[in-house]
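# Coordinate analysis (summary)
Below are the chains, spelled out letter by letter.
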Amino acid sequence: MGRSYFVEEAVGQYLSDLSAKSKKIITGLLVGQCSQQRDYVLLAIRTPVKEEESNSSASHHTDLSNIDEEWTAAHARQVTRMLPGGLLVVGVFIISVPELAKEIQNILRKLLFAVEKSVARKRLWSISEEDVSDRVALHLCSTTKKILCRTYDVQDPKCTAKPADWKYQNALSASWLSLECTINVNIHIPLPATLASHNLEKKTRNGLGRWAQQIEEAVFLINGQAREEDADLLEGQKKSRGYMPSATRNLDVRVLTKLMQSTNSRSTATVQICNGYINLKGALKCKAYIHNNKPKVKDAVQALKRDIINTLSDRCEILFEDLLVNEMPGKKNSEREYHILPCRVFTSIVGSNVLLCDYKFGDETIREIQEHFLDMMDQAVQSDDLHIAEEINTVEVSLTKEFQDNTQPKQVTKEMLLLKLHQNMGMVIAVAVAISAIAFSFNYFSD
């Protein structure tokens, strides 16, 4: 028996409108939530048209060569950044004429695996055994309006297609639960003197990876209570046939992280000479959603954990991209430079209580955010519907770094733009670490 997809009725209308407006092949993403019992689709998003394609009238509606896997995968990565916890790209769709039905199935399969590879590449958390790895491939015939729905296991490159049910439902996510929390971060990432410039980004991600592991092991209190993982999330809360009062739809969560882990094994101090460091400090507003079909505590907590990890990782990546594009060569280096991470902006999906998000730098306008939503999500957002979750100066990054190379000409690289040069900082940090290690060793052997 195949999987069942419960789909927001607005998705059906969106696909129908796309089919009526254009005779060309249209590809896009399906966004929703997966669970062991059933899957949900809340949003369909067409793939943005490339500029060269929009300016060209030579492409034919039957030309499959115009479907670009890399372009679709890059779009999926951008869309994933704009999804709160619990939501993900659950599949892809293609709208075409019936003559291409056989060829389309092979293309859908390739798109699914390309999208999964792109999304998973920057992921800082690991897939669990309970994660659903099936993704949906939907083909809509623009002539007959017939829908063919199949699934593929994206964790199995040799998998074959399985049939699936596609069922529309009104107000699908109107009574979904949301979990919210504010988490303070203070992450210190040392940068070794032996670190090559091309490995700098990897070192930064490793530092975030260690912090992500702390979040994975943290204790989550839901409305002030520690709950059993397998317990019903709605246990003890009254609800009536598919509807939950707004007062109980929002669950407040507190995160308790472990400062250190005790161990019985003897540890040794390691002295590492560093040329600089990265410090991430501030507060993050996090949000996740979970379906209302007998949700478990562990599913809700997992969705929120992944939102916490994703939102910080995405903000750092967006900041680094911005520095690479906008910083000018020849700028005088300073001892320490502060950068403000972009703050989170939320807006609702039409006809749903679920919110999408984007990230805004302090000098960006609301108009720019609206244009980004339209480009990436194909959603027209009103300025009054945009809600900034955090203060502009909530989260900051302190960047310090030294690279010295007297034999090679100075070149502006991505790493030099991200982490500014700082003379002699490495020596100061190395001396401080060495003194701490000596003091630790003295006390240890005295005991």
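Calculation criteria
- For every chain, the first residue of the written sequence is number 1, and numbering continues from 1 along that sequence.
- Predicted model: local features are reported for residues with pLDDT of at least 70 only, side-chain atom pairs are reported and counted for 80 or more only, and whole-chain, interface and lining totals are derived from all residues.
- Water and hydrogen atoms were dropped before computing side-chain values, which therefore reflect all heavy atoms in the structure.
- Every helix listed is a DSSP run of H or I at least four residues long, and every strand listed is a run of E at least two residues long, numbered separately from the N terminus.
- Whether a residue is buried, partly exposed or exposed follows from its accessible area with a 1.4 Å probe, protein chains only, as a fraction of its type maximum: under 20%, in between, or over 50%, in that order.
- In this analysis, two residues are considered to be in contact whenever any of their non-hydrogen atoms come within 4.5 Å of each other.
- Each accessible area is a Shrake-Rupley estimate made with a 1.4 Å probe; only the visible protein chains count as cover when residues are assessed.
- For helices, the axis comes from a line fit to the C-alpha atoms of the stretch in contact; other axes are also lines fit to C-alpha atoms, and the angle between any two N-to-C directions lies between 0 and 180 degrees.
- The cut-offs work like this: below 35 degrees is roughly parallel, past 145 is roughly antiparallel, 65 to 115 is roughly perpendicular, and the gaps in between are oblique.
- Left-handed describes a crossing whose near helix is turned anticlockwise from the far helix through less than a right angle; right-handed describes the clockwise counterpart.
- Throughout, the ten residues Ala, Val, Leu, Ile, Met, Phe, Trp, Tyr, Cys and Pro are labelled nonpolar, Asp, Glu, Lys and Arg are labelled charged, and all others, Gly among them, are labelled polar.
- By convention in these notes, a salt bridge is any Lys or Arg side-chain nitrogen within 4 Å of a carboxyl oxygen on Asp or Glu.
- Between any two strands, pairing holds if DSSP finds at least two bridges.
- Remark: nonpolar core denotes a set of buried residues (Ala, Val, Leu, Ile, Met, Phe, Trp, Tyr, Cys) joined through side-chain atoms within 4.5 Å.
- An automatic or database domain assignment is the source of the domain bounds shown.
- Here the expected length of a helix is defined as 1.5 Å per residue gap, with one fewer gap than residues.
- An arc is given here, and it is the one of the directions from the helix axis to the C-beta atoms.
- Stacked, edge-to-face and tilted are the three classes for Phe, Tyr and Trp ring pairs, Trp counted by its six-membered ring, which pair at centre distances within 6.5 Å; planes under 30 degrees apart are stacked, over 60 edge-to-face, the rest tilted.
- The rule is short: NZ of Lys or CZ of Arg within 6 Å of the ring centre and within 35 degrees of the ring normal puts a charge over the ring.

## Considering the overall build of the protein chain
Looking only at helices and strands, the protein chain features 10 helices and 18 strands. Counting over 447 residues, the protein chain shows a buried share of 48%. When contacts within the protein chain are restricted to residue pairs at least 6 apart in sequence, those whose partners lie at least 24 apart make up 77%. Put simply, the protein chain shows about 23,800 Å² of open surface, and 50% of that area lies on carbon and sulfur atoms.

## Thoughts on the packing of helix α3 (residues 69–81) against helix α4 (residues 101–121)
Between α3 and α4, the least distance of the axes is 8 Å, while the angle of their chain directions is 45°. Regarding the angle of α3 to α4, the classification is oblique. Crossing of α3 against α4: the hand is right-handed. Contact residues: E69, T72, A73, A74, A76, R77 and T80 in α3; K110, L111, A114, V115, S118 and V119 in α4. Residues of the contact of α3 with α4, tallied by class, amount to 7 nonpolar, 3 polar and 3 charged.

## Things to note about the pattern of salt bridges
Scanning the model with the defined rule gives 14 salt bridges in all. Across the salt bridge formed by D314 and R77, the nearest N and O atoms sit 3.2 Å from each other. Taken as a pair, D314 in helix α7 (residues 297–326) and R77 in helix α3 lie far apart in primary sequence, 237 residues in all. Overall, D314 belongs to the buried group, its relative accessible area being 5%.

## Here we look at the side chain of S313
With respect to the helices and strands, the residue S313 is situated in helix α7. On the basis of relative accessible area, S313 is assigned to the buried category, the value being 7%. Other than its neighbours up to four places away in sequence, S313 contacts K122, L124, R205 and L208.

## Things to note about the sheet that holds strand β16 (residues 355–360)
In space, the 3 strands of this open sheet follow the order β16-β15-β17, with antiparallel pairing throughout. The sheet is open, and its two borders are formed by β16 and β17 (387–388), each paired with just one other strand. Where strand β15 (residues 343–348) lies against β17, 2 bridges are found, and the strand directions are antiparallel. The partner of V345 across the bridge, within β17, is I388. Most of the contacts of α7 go to β15, to which it runs at about 120°, and overall it touches β15 and β16.

## Things to note about the nonpolar core
Ranked by internal contacts, the top residues of the largest apolar core, which has 93 residues, are W211, F220, L304, I308, L312 and M377. Looking at this core, you find at least three residues from each of domain 1 (4–51 + 63–171) and domain 2 (177–399). One finds Y5, V7, V11 and W166 within the second-largest nonpolar core, a separate group that totals 21 residues.

## Concerning helix α1 (residues 9–21)
Taking 1.5 Å of rise per residue, the 13 residues of α1 would be expected to cover 18 Å, and the 19 Å separating its terminal C-alpha atoms lies within 8% of that figure. Turning to α1, its buried residues are V11, G12, Y14, L15, L18 and S19. For α1, the buried positions fall inside an angular range of 160° around the axis, keeping them on one side. Exposed and facing more than 90 degrees away from the buried side of α1 are A20 and K21. Where α1 is buried, its residues meet β1 (4–8), β2 (26–34), β3 (39–46), β4 (88–96), β5 (134–141) and β8 (165–169).

## Digging into the sheet that holds β8
What holds strands together in a sheet is hydrogen bonding between their backbones, with the strands either parallel or antiparallel. In spatial order, the strands read β7-β6-β5-β4-β2-β3-β1-β8; together these 8 strands make up an open sheet with mixed pairing. Taken across any chain shown, the strands that pair with only one partner, and hence form the sheet edges, are β7 (162–163) and β8. Of the pairings in the sheet, the one linking β1 to β3 comprises 3 bridges and is parallel in character. In the sheet register, Y5 faces β3, and the bridge partner there is D39. Here α1 sits on the sheet and contacts β1, β2, β3, β4, β5 and β8; the angle it forms with β3, its principal contact strand, is near 30°.

## Brief notes about the packing of aromatic side chains
Applying the stated criterion across every chain yields a total of 4 aromatic pairs. Connected via pairs of aromatic rings, a cluster forms that spans Y5, W166 and Y168. One Lys or Arg, R38, reaches over the ring of F6 and ends 4.3 Å from the middle of that ring. One residue, R306, lies across the ring of W125, its end atom 3.9 Å from the ring centre.

## Comments concerning the pairing of strand β9 (residues 177–192)
In this sheet, strand β13 (residues 274–290) lies alongside β9 in antiparallel orientation, the contact comprising 16 bridges. Looking at β13, one finds that L179 is bridged to A288. Sheet topology note: the β9/strand β12 (residues 250–256) ladder contains 3 bridges and is parallel. By the bridge assignment for β12, S178 is matched with N250.

## Comments concerning unusual backbone geometry
Glycine aside, the phi torsion of most residues is negative, and most peptide linkages are trans. Phi is positive for K145, close to 65°, though the residue is something other than glycine. When you line up the elements, K145 lands in the loop between β5 and β6 (147–153). Here the phi dihedral of K294 falls at roughly 50°; this positive angle occurs in a residue that is not glycine. Secondary-structure assignment places K294 in the loop between β13 and α7.

These figures come from the coordinates and say nothing about function on their own.
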